[in-house]
Amino acid sequence: MPSMTSYEHGAPCWTDLATSEPAWAKTFYTKLFGWTYQDNDMGNGQFYSMAQLNGVDAGAIYGQAAEEIEQGISPRWSTYFNVDDVDAAAARVVPAGGTLMMEPFDVMGVGRMALVFDPTGAVVALWQFIQHIGARVVNEPGAMTWNELSTRDTDAAAKFYEEVLGWHSHAEDMGGTDYTIFHITHEHPAGGMVKLDESHAGVRPHWLVYFAVSDSDATTMQAAENGGKVIVPPTDIPPGRFAVLSDPQGAVFGVMTANEG
């Protein structure tokens, strides 16, 4: 299993799940991805549980604040992008049309982060590592493999991420659907983007995290058998076969089985 040791500026580097039922969520994802957990005490009975594959960090799960649960805020997977200087990146957010939800702050000596609304309403985290680079394993079954923005204003989103993270983008035909690829460089994609249309009424703009799996059909069936829901059934696209699922608490995520090569 290859281990990541660093990330480029603008690369997706981490994901975590904020959930109303962390114990149940941990059981669900253990069955789905084979994760084990290293629980870090955050105080007041809260834990930040590092989800691991063979002892290597792949993501994390933690409990939502009581205020979020009372307000009916849904459990969610978050996407973090590595930045060389989070304060400098955060300073570009408002001029680019975004909103700072949380100004840059230190995270227990392991990194520094900011939370951002892009101009279309999607939430993203900016991460500057000190001790924790992010996921130590990616693109392996059970690990993060792709990150995708769903939004109603793709032009505004593309311009924002270009100005804040230095990305550029181009469109590709993804099985009859126009699909935007964000790039750090021509050789290194940062993620993708799809346009929400009238068929997605009520869906808020968001970043979706995909996890690699060896068999999307089997994983989809297993998720449903363990209380999850199928939002998009297993579907073939040029890069492979994917599905979009939700866990029993309602957090949405994707799974992908990549084609050879």
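Refer to the structure presented above.
Residues numbered from 1 in each chain as written. Predicted model: local features only at pLDDT ≥ 70, side-chain atom pairs only at ≥ 80, totals over all residues. Heavy atoms only, no water.

Trainee: I would appreciate a short explanation of the nonpolar core in the present structure.
Mentor: As a rule of thumb, soluble globular proteins bury nonpolar side chains together. Of all hydrophobic cores here, the largest spans 41 residues; its most connected members are Trp14, Tyr161, Leu165, Trp167, Phe182 and Trp207. Counting residues per element, this core draws most heavily on helix α4 (residues 154-165), at six residues. The contacts of Phe182, once residues within four sequence positions are left out, are Ala158, Tyr161, Trp167, His168, Ser169, Pro189, Ala190, Gly191, Gly192, Met193 and Trp207. If you look at the next biggest cluster of nonpolar residues, it comprises 24 residues, including Leu32, Leu53, Val209 and Val255. (Core = buried A, V, L, I, M, F, W, Y, C linked by side-chain atoms within 4.5 Å. Buried < 20%, exposed > 50% of the residue type's maximum accessible area, 1.4 Å probe, protein only. Helix = DSSP H or I, 4+ residues; strand = E, 2+ residues; numbered from the N terminus. Contact = heavy atoms within 4.5 Å.)

Trainee: I keep staring at the packing of aromatic side chains and nothing clicks. Help me out?
Mentor: Pairs of aromatic rings are described using the distance from one ring centre to the other and the angle between the two planes. One pass over the full model with this rule turns up 25 aromatic pairs. For the ring pair Tyr161 and Phe182, a centre distance of 5.9 Å and an interplane angle of 55° mean the geometry is tilted. In this pair, Tyr161 is assigned in helix α4 and Phe182 in strand β11 (residues 178-185), connecting sequence segments 21 residues apart. For Tyr161, a relative accessible area of 1% gives the class buried. Three or more aromatic residues joined by ring pairs make a cluster, and in this case those are Phe28, Tyr29, Phe33, Trp35, Trp77, Phe211 and Phe253. Geometry around Tyr37 places Lys26 over its ring, the cationic atom sitting 5.2 Å from the centre. (Phe/Tyr/Trp six-rings, centres within 6.5 Å; stacked < 30°, edge-to-face > 60°. Lys NZ or Arg CZ within 6 Å of the ring centre and 35° of its normal.)

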